[in-house]
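Spelled out from the first residue to the last, the chains are:
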Amino acid sequence: MQFFYVDYMNNGKKERNIGFLRVENDGVSVGLRGVPLQCGDRCKVYAVNSFDEKILLGEIAVKAGYGMEKMKWNDRVDFARCMRVEIPLYGTRKGVCVLRDAYPASDSTASVPEQNEIRVAKHAERTECEELCEEIYEDKWQQLRRLYPEIHICPEAQSILIRPRDVVILSEKYHELATNSFVLHAYYNYRQLLLFRYMQNDIQYYLGVPGVYYEREQRIAQMFGFEGFENGEARMQQDADNKLYRGCFGYYMKHVEI
């Protein structure tokens, strides 16, 4: 097993790291992070051989900029014949992972110190890539905190600033909120939505739509499935006596999953 980084290339210039490759005998696992929204929800992965021929390995499903997929080598290309892996993104941008500049010579002629240096370098590379792999897999909320601005509204919850099109970071059954008229009306008035993460007895997520608390708005919010209200001091259920909060700015809340 070997690990390699995927570089984000823009018009031939490296800008940052965008993921990793984990190479095994039977295939390659590709992990991506920070994929631009312009790329859509899928990215194609190509192996490039010594003749500069591009061979399609497969596709990666991308959600909220992250994706992970294992692909099999085929009869046209395997690790021994692959020079680099390319992942077209959009425009002149692509992910590039160079596996070798030339077919490798045997390491048997290297001196013992050189062999040790090679082993240390490979171990360091593997450790860093494993950490990246764990990051992609383990904690989606921490990933989202790196991608979106954090807004501190209330002490009981963490929250990030999103837009209607960003609801794709939620579970699929909530994607229709991107065209929800209550959500869109509030967004165009206040230019923000918030995703809250509460951590009391268990972890719960809420989509927060900004607005001023009045009975009429409360009824409309309920019609669209927004069952609570958060004003930065307390989270309320809509069936409670909320007269004290009349006229207060806050967020109508809907329980969601990520």
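For the structure itself, consult the block above.
Please read all numbers here as calculations on a predicted model, not as lab measurements. (Residues numbered from 1 in each chain as written. Predicted model: local features only at pLDDT ≥ 70, side-chain atom pairs only at ≥ 80, totals over all residues. Heavy atoms only, no water.)

## Overview of helix H2 (residues 140-147)
Those residues of H2 not exposed but buried are Trp141, Gln143 and Leu144. All buried residues of H2 fall inside an arc of 155 degrees around its axis, so they share one side. (Buried < 20%, exposed > 50% of the residue type's maximum accessible area, 1.4 Å probe, protein only. Helix = DSSP H or I, 4+ residues; strand = E, 2+ residues; numbered from the N terminus. Arc of directions from axis to C-beta.)

## A look at helix H3 (residues 181-190)
What H3 keeps buried is the set Phe182, Val183, Ala186 and Tyr187. End-on view of H3: buried residues confined to an arc of 125 degrees, all on one side of the axis. H3 presents His185 and Tyr188 as exposed residues on the side facing more than 90 degrees away from its buried surface. Contact partners of the buried residues in H3: strand S9 (157-162), strand S10 (193-199), strand S11 (203-212), helix H4 (215-223) and strand S14 (249-256). The distance from a side-chain oxygen at the start of H3 to the backbone nitrogen of Phe182 is 2.9 Å, and the residue carrying that oxygen is Asn180. Phi turns positive one or two residues past the end of H3, at Arg191, with a value near 60 degrees. (Contact = heavy atoms within 4.5 Å. Polar contact = N/O pair within 3.5 Å; in protein donor to acceptor, adjacent residues only side chain to side chain.)

## Let's talk about the packing of aromatic side chains
The relation between two aromatic rings is expressed through the spacing of the ring centres and the mutual angle of the planes. Under the counting rule described, the total for this entry stands at 14 aromatic pairs. Here Phe4 and Phe79 contribute two aromatic rings whose centre-to-centre distance is 6.3 Å and whose plane-to-plane angle is 50 degrees, an arrangement assigned as tilted. In this pair, Phe4 is assigned in strand S1 (residues 2-10) and Phe79 in the loop between strand S6 (67-72) and strand S7 (82-90), connecting sequence segments 75 residues apart. A relative accessible area of 9% means that Phe4 is categorised as buried. An aromatic cluster of three or more residues is present, and its members are Phe182, Tyr213, Phe224, Phe226, Phe229 and Tyr252. (Phe/Tyr/Trp six-rings, centres within 6.5 Å; stacked < 30°, edge-to-face > 60°.)

## Thoughts on unusual backbone geometry
Not every positive phi belongs to a glycine, and Asp52 is a case in point at roughly 60 degrees. Counting through the fold element by element, Asp52 comes out in the loop between strand S4 (42-49) and strand S5 (54-61). Phi angles above zero are rare outside glycine, and Arg191 is one such case at about 60 degrees. Along the chain, Arg191 falls in the loop between H3 and S10.

## Re the sheet that holds strand S2 (residues 13-23)
Strands sit in the order S5-S4-S7-S8-S1-S2-S3-S6 across an open sheet of 8 strands; the sheet is antiparallel. Each edge of the open sheet carries a strand with a single partner, namely S5 and S6. Strand-to-strand, the axes of this sheet are offset by a mean angle of 25 degrees, without reference to chain direction. (Pairing = 2+ DSSP bridges. Axes fitted to C-alpha atoms, helices over the stretch in contact; angles between N-to-C directions.)

Function cannot be read off these values alone, since they describe shape.
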